[in-house]
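# Inside the fold
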Amino acid sequence: MTARIAETFGAAAAPGVYAAYERARPGGRPVDVLMDLITDELLRVPALRLAEARAAVGNPVRAYQFDLPQSPTGDGSAPPTASNCPSCATTSGHWSHAPLVAGLGPAGRDGLAAAVHRAWIAFVRTGDPGHPALPRWDPYGSDPRTTMRFDSVVIALGDLAGDSRRLFAEVPGPGPMI
């Protein structure tokens, strides 16, 4: 694990980075820590860099993080990256037997799908994904870094990915990470 982390952060920093990821996932297995790191490296941090670069030049940005209410496998592992797909439309019930959402109850699955679907429709219509069933969703910027968290409870949080953003601040990549 530390050898893989050292590829990104350097050998000296690897034990501390592993410890930070481990703290972020209490009870997580080493493979979960590795998946969190890879997700940050390939998806979350590049998305944050893009959001921050666009916001810095005055483009309105809305950030979100999609989290399943529970792991669909029931084994404590992280949900698959594509697990947000059934929530992009109001047809989430048609996905109920798909492995990526197996184990989710209809109420949680359908409520989350309705919130996400209405956000996408609002965004297409107005350029703002906010709608009356969501908490206030301010634009993402360097202050505040408002991020809507789609989970069993939908909530707008400041700097939701702050730990990841700070860990990767010194790692080379496209765009600023402040």
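See above for the structure.
Residues numbered from 1 in each chain as written. Predicted model: local features only at pLDDT ≥ 70, side-chain atom pairs only at ≥ 80, totals over all residues. Heavy atoms only, no water.

Assigned secondary structure in the chain consists of five helices and three strands. When the helices and strands of the chain are read in sequence order from the N terminus, they spell out α-α-α-β-α-β-β-α. Burial analysis of the chain (178 residues in total) assigns 35% to the buried set. Sequence-distant contacts, at least 24 apart, represent 55% of the contacts inside the chain between residues at least 6 apart. Carbon together with sulfur atoms contributes 60% to the accessible area of the chain, which is approximately 9,700 Å² in total. (Helix = DSSP H or I, 4+ residues; strand = E, 2+ residues; numbered from the N terminus. Buried < 20%, exposed > 50% of the residue type's maximum accessible area, 1.4 Å probe, protein only. Contact = heavy atoms within 4.5 Å. Areas by Shrake-Rupley, 256 points an atom, 1.4 Å probe, with all protein chains shown as cover.)

A turn of α-helix holds 3.6 residues, and therefore any two residues three or four places apart point the same way. Along helix α2 (residues 14-24), the positions that sit buried rather than exposed are A14, V17, Y18, A20 and Y21. Take α2 and look down its axis: the buried residues cluster within an arc of 160°, on one side only. As for α2, its buried residues are in contact with α1 (2-9), α3 (30-56) and α5 (162-167). (Arc of directions from axis to C-beta.)

Attention now goes to the nonpolar core. Membership of the largest hydrophobic core is limited to twelve residues, which are I5, F9, A14, V17, Y18, Y21, V33, L34, L37, V45, F168 and V171. Those elements giving two or more residues to this core turn out to be α1, α2 and α3. Every residue in contact with Y21, bar those within four places of it in the chain, is listed here: V33, D36, L37, D40, S164, L167 and F168. Within the second largest apolar cluster, nine residues are counted, among which are F66, A115, A119 and L134. (Core = buried A, V, L, I, M, F, W, Y, C linked by side-chain atoms within 4.5 Å.)

Let us now look at the pattern of salt bridges. Across all of its chains, the model carries twelve salt bridges by this definition. We note a salt bridge from E52 to R145, for which the minimum N-O separation is 3.1 Å. Taken together, the residues span a long stretch of sequence, with E52 in helix α3 and R145 in the loop between α4 (106-126) and β2 (146-150) at a distance of 93 residues. Look at E52 and you get buried, because its relative accessible area is 6%. Residue R165 pairs with D159 through a salt bridge whose shortest N-O separation is 2.6 Å. (Salt bridge = Lys/Arg side-chain N within 4 Å of Asp/Glu carboxyl O.)

A few words on the layout of surface pockets. Its volume calculated, the second largest pocket comes out at about 160 Å³. Every residue along the wall of the second largest pocket is listed here: P60, V61, R62, Y64, W120, F123, G127, P129 and W137. Class assignment for the residues of the lining of the second largest pocket results in seven nonpolar, one polar and one charged. (1 Å grid on protein atoms, 1.4 Å probe; cavity = no way out; pocket = protein on both sides within 12 Å on 5 of 7 lines; lining within 4 Å. Points joined across faces, edges and corners; volume = space filled by probe spheres on them. Nonpolar A, V, L, I, M, F, W, Y, C, P; charged D, E, K, R; others polar.)

Moving on to the packing of α1 against α3. Axis separation between α1 and α3 bottoms out at 11 Å; the angle between their running directions is 20°. One finds that α1 runs roughly parallel with respect to α3. Crossing of α1 over α3 shows left-handed handedness. Residues R4, I5, T8 and F9 of α1 form the contact with α3, whose own contacting residues are L34, L37, I38 and E41. Each residue belonging to the contact of α1 with α3 can be placed in one class, and the counts come to five nonpolar, one polar and two charged. (Axes fitted to C-alpha atoms, helices over the stretch in contact; angles between N-to-C directions. Parallel < 35°, antiparallel > 145°, perpendicular 65-115°, else oblique. Left-handed = near helix turned anticlockwise from the far one by under 90°.)

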